[in-house]
Amino acid sequence: MARLDRLLANLGYGGRRDVQALIAGGKVTLDGVALKNSAQKIAVTADLPQHLKIRGVPVDPPAPLVLMMNKPLGVVCSHREDGERIYDLLPRRWQARDPALSSVGRLDKDTSGLILITDDGDFLHRVISPKRHVPKVYRAVLDRPLNGTEGATFAEGALMLEGEEKPLLPAELEVLGEREARLTITEGRYHQVRRMFAAVGNHVTALHRERIGGVALPDDLAPGEHRILSAAQAEEVFDV
Ligand code: URA
């Protein structure tokens, strides 16, 4: 249970005063009935938006929230970096949510595709935990033709990236064309895919993430768009 004014403030609808004014103005309804008491306790369930409305519009989904985004090129995942951020592509109000939304790992500015965003720290850590080996699938376009030996090199589990002390775990390469491949990795080292191809004398010119575990980027999710996942859909990350 949460106090109505705190719940709405934590969903980003304004400071305590702002949301108290909304409530006092009869703009907030629960199952069609205006709530006038800011201190009223509300049961916070995943179906809250079906019941709680502001000016007739369903409230945003409460925490824990997991969403997927098709990250466009040129956008950064960090909260702090300069430039357009993935968070700028979400409803503005969501930047004021508490708990805050964070990306589950990161994609480079120059990488597109599937990124998960959540306010659920437990879920985030389970996905990125090195112990879980959640597979991440990338499609890479290369500068030079593949020479045919890369698959075996990546599968061996002995490849050492420059400046690192531990070899990479085995990764799976599927050749899609002379200069195009799908690569599945189960770690998340810095710039890992680009550095793997650099280690075999090639260069990635375009990189796109298609899948994280059992969650694939849907064909109909355009760059910059996001979709909220149900708890069951989010857990499909671990179905591999
Ligand atoms: N590997 C990379 O090189 N970049 C990414 O964004 C993700 C994996």
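In this report, we go over the structure that sits alongside the text. Please read all numbers here as calculations on a predicted model, not as lab measurements.

### Points about the pairing of strand E7 (residues 66-71)
Along E7, six of the six residues are buried, which leaves the element largely enclosed by surrounding structure. Neither face of E7 is left uncovered, since the one carrying Val66, Met68 and Asn70 and the one carrying Leu67, Met69 and Lys71 both have all their residues buried. For E7 and strand E9 (residues 111-118), the ladder comprises six bridges, and the chain directions are antiparallel. Bridging from a neighbouring strand, Lys71 pairs with Gly113 of E9. Pairing of E7 with strand E15 (residues 226-229) involves four bridges; the strand directions are antiparallel. What sits directly across from Val66, in E15, is Leu229.

### Thoughts on the packing of aromatic side chains
Tallying each qualifying case throughout the model produces two aromatic pairs. With centroids separated by 6.1 Å and ring planes inclined at 80 degrees, the aromatic side chains of Phe123 and Phe238 adopt a geometry described as edge-to-face. A residue pair is termed long-range when its members are at least 10 positions apart, and Phe123 in helix H4 (residues 121-128) and Phe238 in the segment after helix H7 (231-235) qualify at 115 residues. Summarising the burial analysis for this pair, Phe123 and Phe238 share the class buried. Here Arg97 stacks its cationic end above the ring of Trp94, 5.9 Å away from the centre of that ring. Between the NZ or CZ atom of Arg132 and the centre of the ring of Phe238, over which it lies, the distance is 5.0 Å.

### Topic: the side chain of Arg189
Note that Arg189 resides in the loop between strand E12 (180-185) and helix H6 (192-199). On the basis of relative accessibility, which here comes to 17%, the residue Arg189 falls in the buried class. Side-chain polar atoms of Arg189 contact the backbone oxygen of Lys166, separated by 2.8 Å. Those residues in contact with Arg189 that lie beyond four places of it in its chain are Glu164, Lys166, Pro167 and Leu168.

### Considering the layout of surface pockets
When its volume is computed, the largest pocket comes out at roughly 820 Å³. For the largest pocket, the lining is made up of 35 residues, of which Gly105, Arg106, Gly188, Arg189 and Tyr190 are closest to its centre. Elements supplying a minimum of two residues to the lining of the largest pocket: H4, strand E10 (136-142), H6 and strand E13 (204-212). Considered class by class, the residues forming the lining of the largest pocket number 16 nonpolar, nine polar and ten charged. Both domains that meet at the lining of the largest pocket, namely domain 2 (66-130 + 214-238) and domain 3 (136-212), each give it at least three residues. Counted as a void, the second largest pocket has a volume near 310 Å³.

### Let's talk about the environment of Ile42
Topologically, Ile42 is positioned in strand E4 (residues 41-42). Of the residues examined, Ile42 reaches a relative accessible area of 2% and is grouped as buried. Separated by ten residues in sequence, Ile42 and Leu52 have C-alpha atoms that sit 9.4 Å apart. Look past the residues within four positions of Ile42 in its chain and what remains in contact with it is Met1, Ala2, Leu4, Leu7, Leu30, Leu35 and Leu48.

### Some thoughts on the site of the ligand
Neighbouring the ligand are Leu107, Asp108, Thr111, Tyr138, His191, Gln192, Val193, Arg194 and Leu207. Separating a nitrogen atom of the ligand from a side-chain N or O atom of Asp108 is a distance of 2.7 Å. Between a nitrogen atom of the ligand and a main-chain N or O atom of Gln192, the distance comes to 3.5 Å. In isolation the ligand exposes 240 Å². Once the protein is present, 95% of that is buried. Of all the cavities here, the one that holds the ligand is the largest pocket. Here the shell around the ligand takes three residues from H6, the largest share from any one element. Tallied by class, the residues present in the shell around the ligand amount to four nonpolar, three polar and two charged. Residue assignment places the shell around the ligand across two domains, with domain 2 (66-130 + 214-238) and domain 3 (136-212) each supplying three or more.

Analysis parameters
- Residues numbered from 1 in each chain as written.
- Predicted model: local features only at pLDDT ≥ 70, side-chain atom pairs only at ≥ 80, totals over all residues.
- Heavy atoms only, no water.
- Buried < 20%, exposed > 50% of the residue type's maximum accessible area, 1.4 Å probe, protein only.
- Helix = DSSP H or I, 4+ residues; strand = E, 2+ residues; numbered from the N terminus.
- Pairing = 2+ DSSP bridges.
- Phe/Tyr/Trp six-rings, centres within 6.5 Å; stacked < 30°, edge-to-face > 60°.
- Lys NZ or Arg CZ within 6 Å of the ring centre and 35° of its normal.
- Polar contact = N/O pair within 3.5 Å; in protein donor to acceptor, adjacent residues only side chain to side chain.
- Contact = heavy atoms within 4.5 Å.
- 1 Å grid on protein atoms, 1.4 Å probe; cavity = no way out; pocket = protein on both sides within 12 Å on 5 of 7 lines; lining within 4 Å.
- Points joined across faces, edges and corners; volume = space filled by probe spheres on them.
- Nonpolar A, V, L, I, M, F, W, Y, C, P; charged D, E, K, R; others polar.
- Domains from an automatic or database assignment.
- Near = heavy atom within 4 Å.
- Areas by Shrake-Rupley, 256 points an atom, 1.4 Å probe, with all protein chains shown as cover.
- Sits in = over half its atoms within 2 Å of the grid points.

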